[in-house]
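Descriptive analysis of the structure
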Amino acid sequence: METFAALAHGMAVAVQPMNLLYALIGVFLGTAVGVLPGIGPALTVALLLPVTYKLDPGGSLIMFAGIYYGGMYGGSTTAILINTPGESASMATALEGNKMAKAGRGGPALATAAIGSFVAGTIATIGLAFLSPWLVDFAVRFGPEDYFALMCVAFVTVSATFGDSPIRGLTSLFIGLTLGLIGIDKLTGQARLAFGIPELLDGVEVTTLAVGLFALGEALYVASRRHHTEEKLEPVRGSLWMTKEDWKRSWKPWLRGTMFGFPIGALPAGGAEIPTFLSYSTEKRLAKHPEEFGKGAIEGVAGPEAANNASAAGTLVPLLTLGLPTSATAAMMLAGFQQYGLNPGPLLFAERPDLVWGLIASLFIANVMLLVLNLPLVGLWVKLLAIPQPWLYAGILVFATMGTIAAKPSVVELSMLAAFGVLGFLMRRFDFPIAPVVVGLILGPIAESQLRRALAISLGDPMTLLQSPMSATLLGIALIALVAPFVLKGLGRFKASED
Amino acid sequence: MTDLPQGARSRRVDRAGVAIALALAALAAVLVWDSRQLQTTTMYGMGPEVMPVVIAIGLGILAIGNLIDALRGNLPARESADPKAVWLILAGLALLIAIIGFGGGFILATSALFVTTSAAFGRRAILVDSAIALVMTTLIYLTFDRLLTLSLPAGPLERLL
């Protein structure tokens, strides 16, 4: 079969010694950064982008795969040991895992999270490998109007459908879309919203926005409410290993979590919160001892962690095949591609199969490496967690600004970074979701150019959007997804605090 | 649609929410104003001035939505914040930008940010923190500038290395 050949070719790329080393550095750095409290996978990728500046695209993407999965593993460790989930997708893990750690069962909690992530990540990556070529075949037939409609679906689901408040989600999205307008219009060469400042002509860098919103915003927010919360690190006591009973209680949640995570992640349905919470409530319903939930049930760690990882691999499906990022982390991965002038999508599969399949194969390798690294190194990660808060955040800010200083050491760029930091702080304080801003910035200009291309082809007739059955269907879905949360209040009961 | 859980105190007008609504409306106005100076050169389809107006309309509607939420007191409850910590970090960022702008170099700039951030999180040992910051940023500079050949701005300290 074609996929096997492509995957085997990818494996051959990924197991070259240099690439293995890149993957190893990636998972190590990714875990080390991801384990720091308050840092989710999106910020992990954003902070570590400068490390990959000087690598060739292949090596850099492989390192990215490692960073991505490493950041996710790191996040679950933090959630279990200090109950501060770096991202909303780890909230279910924090719920049960931290209780387990308090009861002296931190080891098995970490183990079930790590092994569950491995199982889910592997199955979901196989899903990615087999689903992608099929979707690519489908996507090559997409016209610009279909792409535009697809992006409308992503805009709505990411911002409005599943959040706390559709109004605040859409507000975040439109702030991102506004930022996306800044700079030279690619079709006519005219400057928009540049106000005569030359640095603004190139537009807003995704990394500057993401690091400002996530790193600076988080640091400002945590500093502002330091007097409210006391973080407590739970020491890992007792055995690290899972008992026979733990295995028996874990394997089904792993598989069920994967079944929730991968399809929902692969649909442009916004983030990993939904599968993790679905998995959590399913495990609670199916458990033999539902009364243990809320007091440290291992099923409540195993299922959501698997769902979280499976959905992370799932979001790579629309990213790689359609160029459509549906989470903040995926948006950062897209930024990583773009720094080499690469645009994920059907064309990349045709033109650079070595890159795409090398990346997919590296996901398998990163998964194995993490399983081997994570548990033995748990002592090291715990030490990272014990860094005093002032130094921790001071260090995070030094690294966060370093990325911008290295890319563009200008006063304007750094001021933008600071301004995005203030924006991120205010958005956290007033409970606006952050991910839609990043997705809006990165997808807004692409959606606009697809729409303008579609209208140019149709000689300005907007009905072209409804004449293509694909685009008409997608726009219909977008409309339903937009209206539904206003009609059915209570659909989005998942409180998303973002990474 | 009654706002269920927050209870009676959430009924008050939320001033900050009104300010957010006004800011969104102002942003919409800026978009429209900016789009007026663009020339329509496209014969068919959409010129560059259309999208800003569409987004401005969206922002305008959202400003109204946010205003309604604020007037109804529908915003989520907020805890008190410590403005001093926020200003300290912002001062650190301002220092960093100034030092980079005047050619003070990477080490001094990021050290300033490190010390102010650490102070914002409640540390009072400025001398110790400065020493830690200088050592750490020097190591970062050496790793990234020399080892990974990433160019970081050099000032007086970097030239000594």
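Residues numbered from 1 in each chain as written. Chains lettered and ligands numbered in written order. Predicted model: local features only at pLDDT ≥ 70, side-chain atom pairs only at ≥ 80, totals over all residues. Heavy atoms only, no water.

Helices and strands together make up the secondary structure of chain B, namely six helices and zero strands. Going residue by residue from the N terminus, the α and β elements of chain B occur as α-α-α-α-α-α. Against the 2.2 N^0.38 benchmark of 15 Å for 161 residues, chain B shows a C-alpha radius of gyration of 24 Å, more extended than a compact globule. Expressed along its principal axes, the backbone C-alpha trace of chain B runs to roughly 60 × 55 × 25 Å. Evaluated residue by residue, chain B yields a buried proportion of 45% over its 161 residues. (Helix = DSSP H or I, 4+ residues; strand = E, 2+ residues; numbered from the N terminus. Rg over C-alpha atoms; globule rule 2.2 N^0.38 Å. Buried < 20%, exposed > 50% of the residue type's maximum accessible area, 1.4 Å probe, protein only.)

Before going further, it helps to spend a moment on the interface of chain B and chain A. Contact residues are listed per partner, giving 65 residues for chain B and 62 residues for chain A. Of the roughly 5700 Å² buried where chain B meets chain A, counting both sides, 77% is carbon and sulfur surface. The tally of links from chain B across to chain A stands at zero salt bridges. Our count for the contact surface shared by chain B and chain A stands at five residue pairs in polar contact (both at pLDDT 80 or more). Along the lines of polarity and charge, the residues of the side of chain B that touches chain A split into 41 nonpolar, 17 polar and seven charged. (Contact = heavy atoms within 4.5 Å. Buried area = accessible area lost by both parts, 1.4 Å probe. Salt bridge = Lys/Arg side-chain N within 4 Å of Asp/Glu carboxyl O. Polar contact = N/O pair within 3.5 Å; in protein donor to acceptor, adjacent residues only side chain to side chain. Nonpolar A, V, L, I, M, F, W, Y, C, P; charged D, E, K, R; others polar.)

Taken together, the side chains of Leu479, Val483, Phe486, Val487 and Leu488 of chain A define a hydrophobic patch exposed on the protein surface, amounting to about 460 Å² of accessible area. With respect to the helices, strands and loops of the structure, leucine 479 of chain A is situated in helix 21 (residues 469-487). (Patch = residues over 30% accessible without salt bridge, like charges linked within 9 Å, V, L, I, M, F, W, Y side chains within 5 Å. Areas by Shrake-Rupley, 256 points an atom, 1.4 Å probe, with all protein chains shown as cover.)

Grouped burial of nonpolar side chains is what soluble globular proteins tend to show. Residues and elements named next belong to chain A. Residues Leu209 and Met332 are the most contacted members of the largest nonpolar core, which totals 200 residues. Apart from the residues within four sequence positions on either side, leucine 209 is in contact with Leu179, Val204, Phe420, Val437, Val438 and Leu441. Within the second largest apolar cluster, five residues are counted, among which are Ala92, Tyr280, Ala287 and Ala297. (Core = buried A, V, L, I, M, F, W, Y, C linked by side-chain atoms within 4.5 Å.)

Residues and elements named next belong to chain A. With the rule as written, the count across this model stands at 13 salt bridges over all chains. Between arginine 192 and glutamate 448 there is a salt bridge, and its shortest N-O distance comes to 2.8 Å. In this pair, arginine 192 is assigned in strand 2 (residues 191-192) and glutamate 448 in helix 19 (residues 435-457), connecting sequence segments 256 residues apart. Across the salt bridge formed by glutamate 283 and arginine 256, the nearest N and O atoms sit 2.9 Å from each other. Placement of the pair is glutamate 283 in helix 11 (residues 273-286) and arginine 256 in helix 10 (residues 244-266), with a sequence separation of 27 residues. Residue classification places glutamate 283 among the buried positions, given a relative accessible area of 2%. Salt bridges sharing common partners tie together Asp185, Arg192, Glu448 and Arg452.

As a further point, take the packing of helix 10 of chain A against helix 11 of chain A. Residues and elements named next belong to chain A. Relative orientation of the contacting elements helix 10 and helix 11 amounts to 150°, with a least axis distance of 9 Å. Here helix 10 is positioned roughly antiparallel relative to helix 11, judged by the angle of their axes. Crossing handedness for the pair helix 10 and helix 11: right-handed. Across the interface between the two elements, Pro253, Arg256, Gly257, Phe260, Gly261 and Ile264 from helix 10 touch Ile274, Pro275, Leu278, Ser279, Thr282, Glu283 and Leu286 from helix 11. Across the contact of helix 10 with helix 11, the residue classes tally to seven nonpolar, four polar and two charged. (Axes fitted to C-alpha atoms, helices over the stretch in contact; angles between N-to-C directions. Parallel < 35°, antiparallel > 145°, perpendicular 65-115°, else oblique. Left-handed = near helix turned anticlockwise from the far one by under 90°.)

All names here are of chain A. One non-glycine residue, leucine 193, lies in positive phi territory at about 50°. With respect to the helices and strands, the residue leucine 193 is situated in the loop between strand 2 and helix 9 (206-224). On the accessibility criterion, leucine 193 (6% relative accessible area) is buried. Unusually for a residue other than glycine, phenylalanine 195 sits at a positive phi of about 50°. Take phenylalanine 195: it is sitting in the loop between strand 2 and helix 9. Given a relative accessible area of 48%, phenylalanine 195 falls into the partly exposed group.

Attention now goes to the confidence of the model for chain B. Residue and element names in this part refer to chain B. Averaged over every residue, the pLDDT of chain B is 85; residues scoring 70 or more account for 91%. When mean pLDDT is taken per element in chain B, helix 4 (residues 106-120) scores highest with 94 and helix 6 (residues 156-160) scores lowest with 84. Below a pLDDT of 50 lies the segment residues 1-10, which in the model reaches 14 contacts outside its immediate sequence neighbourhood of four places, other chains included. (pLDDT = per-residue confidence, 0-100.)

Now for the environment of tyrosine 340 of chain A. All names here are of chain A. In this fold, tyrosine 340 is placed in the loop between helix 13 (328-338) and helix 14 (346-351). As a C-alpha pair, tyrosine 340 and serine 224 span 116 residues in sequence and 38 Å in three-dimensional space. Setting aside residues no more than four positions away along its own chain, tyrosine 340 makes contact with Thr52, Tyr53, Leu55, Asp56, Pro57 and Ser60.

Right, let's get into the packing of aromatic side chains. Residues and elements named next belong to chain A. Across all of its chains, the model carries 12 aromatic pairs over all chains by this definition. With centroids separated by 6.3 Å and ring planes inclined at 10°, the aromatic side chains of tryptophan 134 and phenylalanine 138 adopt a geometry described as stacked. Remark: phenylalanine 138 and tryptophan 134 occur in helix 6 (residues 106-139); sequence separation between them is four residues, near one turn of the helix. (Phe/Tyr/Trp six-rings, centres within 6.5 Å; stacked < 30°, edge-to-face > 60°.)

With 22 residues, helix 1 (residues 15-36) of chain B ought to run about 32 Å at 1.5 Å a step, and its terminal C-alpha atoms sit 32 Å apart, in line with that. Residues of helix 1 of chain B that are buried: Gly17, Ile20, Ala21, Leu24, Ala28, Leu31, Asp34 and Ser35 of chain B. Each buried residue of helix 1 of chain B sits inside an arc of 150° when the element is viewed along its axis, so together they form one side. More than 90 degrees from the buried face of helix 1 of chain B, the exposed residues found are Arg15, Leu22, Trp33 and Arg36 of chain B. Turning to helix 1 of chain B, the residues buried within the fold contact helix 8 (166-181) and strand 2 of chain A together with helix 2 (50-72) of chain B. The distance from a side-chain oxygen at the start of helix 1 of chain B to the backbone nitrogen of alanine 16 of chain B is 3.2 Å, and the residue carrying that oxygen is aspartate 14 of chain B. (Expected span 1.5 Å × (residues − 1). Arc of directions from axis to C-beta.)

Residues and elements named next belong to chain A. The share of residues in chain A with pLDDT of 70 or more is 94%, and the mean pLDDT across the chain is 84. Within chain A, helix 18 (residues 411-429) carries the highest mean pLDDT (94), whereas helix 16 (residues 378-385) carries the lowest (81). The model gives residues 490-499 a pLDDT under 50, and that stretch makes 30 contacts with residues more than four places away or in other chains.

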